[in-house]
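Descriptive analysis of the structure
Here are the chains, one letter per residue:
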Amino acid sequence: MKIMPRFFIRTKDNLFFAVNTYHHPESHYVAFLRYVPDEKGERVFNGVKYKKLSSNEAYDYLKKHHPNYLFNWNIEGKKTMGVLKEDVDEILNPIHRLNEILASKDNNELFNKIRLLAKIFHEKAGISYDDMGISGSTLLNLQNTTTSDIDFIVFGKDNHKRAINLYSKLKEDESSPLEKINENYWKHVYDKRIKDNSMTLEEFIWYESRKNNRGLIKGTLFDISFTLKEDEIEEEEDIYFKPLEKIKIKCKIIDDDNSYAYPAIYLVSDVEFLEGSDVNIEKIVSFTHTYTGIVKNNERVIASGVCEEVTKKDSSKYYQLLIGTTRESMGEYLKLEKNPIKNN
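Criteria and thresholds
Residues numbered from 1 in each chain as written. Predicted model: local features only at pLDDT ≥ 70, side-chain atom pairs only at ≥ 80, totals over all residues. Heavy atoms only, no water. Axes fitted to C-alpha atoms, helices over the stretch in contact; angles between N-to-C directions. Helix = DSSP H or I, 4+ residues; strand = E, 2+ residues; numbered from the N terminus. Parallel < 35°, antiparallel > 145°, perpendicular 65-115°, else oblique. Contact = heavy atoms within 4.5 Å. Nonpolar A, V, L, I, M, F, W, Y, C, P; charged D, E, K, R; others polar. Buried < 20%, exposed > 50% of the residue type's maximum accessible area, 1.4 Å probe, protein only. Arc of directions from axis to C-beta. Core = buried A, V, L, I, M, F, W, Y, C linked by side-chain atoms within 4.5 Å. 1 Å grid on protein atoms, 1.4 Å probe; cavity = no way out; pocket = protein on both sides within 12 Å on 5 of 7 lines; lining within 4 Å. Points joined across faces, edges and corners; volume = space filled by probe spheres on them. Phe/Tyr/Trp six-rings, centres within 6.5 Å; stacked < 30°, edge-to-face > 60°. Lys NZ or Arg CZ within 6 Å of the ring centre and 35° of its normal. Salt bridge = Lys/Arg side-chain N within 4 Å of Asp/Glu carboxyl O.

What follows deals with the packing of helix H3 (residues 109-125) against helix H5 (residues 157-170). H5 packs onto H3 with a crossing angle of 100° between their chain directions and a minimal axis gap of 10 Å. By the criterion of interaxial angle, the relationship of H3 to H5 is roughly perpendicular. Across the interface between the two elements, Ile-120, Phe-121, Lys-124 and Ala-125 of H3 pack against Arg-162, Ala-163, Leu-166 and Leu-170 of H5. Counted by class, the contact of H3 with H5 contains six nonpolar, no polar and two charged residues.

Given below as C-alpha cells:
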C-alpha cells in the first residue's frame, strides 16, 4: 500500500503523525507530528486524552522524547520529521475510514453529514466512493461531533476538479445542503489559518471564496482536499534541497495545473526581486493549505518565502520559492500583486 499525503500514522507509543509526501526514505515515513497523549488534551481516543501540537511544539516534543524521529534526508541544514518504520503500529487510510463511516449505523450528526457529502459527490459529480476519504481528527477517531470540521479528501486530479466545480454551482442553489461560508465562519477559519499580518480578513474571504475548496454542509465546515491517485504519482527522483535565504518576488503565473496538489505548485515567469538575491526562480511551492489554488494562470502575484536551490540527480539545478517552512507560515504568503479588495 502506498503511503500518501493525508494518511496518518499511529506509533507504538500512540503518537499520531500526518503523512506529508508521496515518497519516503528506507528508514522512515516522512510525516508531521500532530497529536500526542496529554492529560489536559481536549480530544479522547480509547480513554486517552490527546493534544494537538503547533510546529514548534512538535519539534520540541520530538527533540525531548524521540530524537530518532528527526533525521537527515534531503534538506541541507534541516532535520526531517518522520516515523521510524519499525515503530509504526497502524497506517490510517482516509478511504478506509470513509468506508467505515458509510457502513456504520452510528447516527451521530457529524457522520450523517459526511455520508451526505460523499453521496452528493458520488451522485452529482460521478466520483467513486473508492476515490474519496476522510482525514484530520475524524480519521483518528478524535473527532468532536459538534465542533469538528470535515477534512474531506478527493483522490485524482480530474475527480478533484469535478468536486470543486460541483460545489461552485451548488453553493448558489438555495435548495442544496452545501452552502456558502458566512462571515462568522470565515472569521473562525481566518483566525485558524492566518497568524501574521500578511492578509486581512477581507482579502482572505475574497481568495477563499473563489477557490471553491471549502464550504458548509448543514452548518459544518468542510474542506475538499486533493491527493493524487496511485497511478498519477510520478516516479521518485533523487532531489536535494538547499534553503538559501528569505526572498520576496513579483511574478506572473504561467501554469496553475497543480495548484490544488500537495504541495501546491505554480510555474512562474517575469520574476522581479523585491527582497533577496536575484536567481532564476522557476516555481512557487506551498505546503500551506491557505495558498492552495489561491492564484490563477496569467495573474501577476507577489510572494514571500524561502529561496531553495534544488539539485537533481544529474547535478542540474533550479530555484524555487517555498511557502510553508513551518505549518503556521509566518511571513510567508502568496497573493495578487494588486489588492483585489481595493480594486473592487
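Still more ground to cover, so stick around.
Further remarks concern helix H6 (residues 183-193). Among the residues making up H6, those that are buried are Trp-186, Val-189 and Tyr-190. One side of H6 holds all its buried residues, which, seen down the axis, span an arc of 100°. The inward-facing, buried residues of H6 abut helix H7 (201-211), strand E12 (214-217) and strand E13 (220-227).

Core analysis: the biggest nonpolar cluster contains 55 residues, and Phe-17, Leu-33, Phe-121, Ile-150 and Phe-152 have the highest contact counts within it. Element by element, the count of residues in this core is highest for H3, at eight residues. Those residues in contact with Phe-121 that sit more than four places away from it in its chain are Gly-126, Ile-127, Met-132, Phe-152, Ala-163, Leu-166 and Ile-224. Ile-181, Leu-216, Leu-221 and Leu-321 belong to the second-largest nonpolar core, a separate cluster that totals 34 residues.

Further remarks concern the layout of surface pockets. What the second largest pocket holds in volume is close to 310 Å³. Forming the boundary of the second largest pocket are 18 residues, of which Lys-161, Ile-164, Ser-259, Tyr-260 and Lys-296 lie nearest the centre. When residues of the lining of the second largest pocket are traced back to their parent elements, those giving at least two are H5, H7 and strand E14 (239-258). The leading source of residues in the lining of the second largest pocket is H5, at five residues.

Turning next to the packing of aromatic side chains. The way to describe two aromatic rings as a pair is by their centre distance and the angle between their planes. Inspection of the entire model under this criterion finds 10 aromatic pairs. Judged by centre distance (5.7 Å) and plane angle (80°), the ring pair of Phe-17 and Tyr-69 falls under edge-to-face. Here Tyr-69 lies in the loop between helix H1 (55-65) and strand E6 (70-71) and Phe-17 lies in strand E2 (residues 16-19), a separation of 52 residues in the sequence. With a centroid separation of 5.1 Å and 85° between ring planes, the pair formed by Trp-206 and Tyr-207 is classed as edge-to-face. Directly above the aromatic system of Tyr-29 lies the positively charged group of Lys-85, at a separation of 4.9 Å from the ring centroid. Here the basic side chain of Lys-335 rests over the ring of Tyr-333, its NZ or CZ set 5.1 Å away from the ring centre.

Attention shifts here to the pattern of salt bridges. Evaluation of the coordinates by the stated rule reveals 21 salt bridges. For the salt bridge of Lys-192 with Asp-149, the shortest nitrogen-to-oxygen distance reads 3.2 Å. Here Asp-149 lies in the loop between helix H4 (136-139) and strand E10 (150-155) and Lys-192 lies in helix H6, a separation of 43 residues in the sequence. Lys-180 is paired through a salt bridge with Glu-172; the nearest N and O atoms lie 3.2 Å apart.

Let's shift gears to empty space enclosed by the protein. Counted by the stated rule, this structure contains two cavities of 30 Å³ or more. Within this model, the largest cavity holds a volume of roughly 40 Å³. Lining of the largest cavity is provided by Arg-6, His-160, Asn-213, Ile-224, Ser-225, Phe-226, Tyr-260, Ala-261, His-289 and Thr-292. Of all the elements, E13 adds the most residues to the lining of the largest cavity, at three residues. The class makeup of the residues in the lining of the largest cavity is four nonpolar, five polar and one charged.

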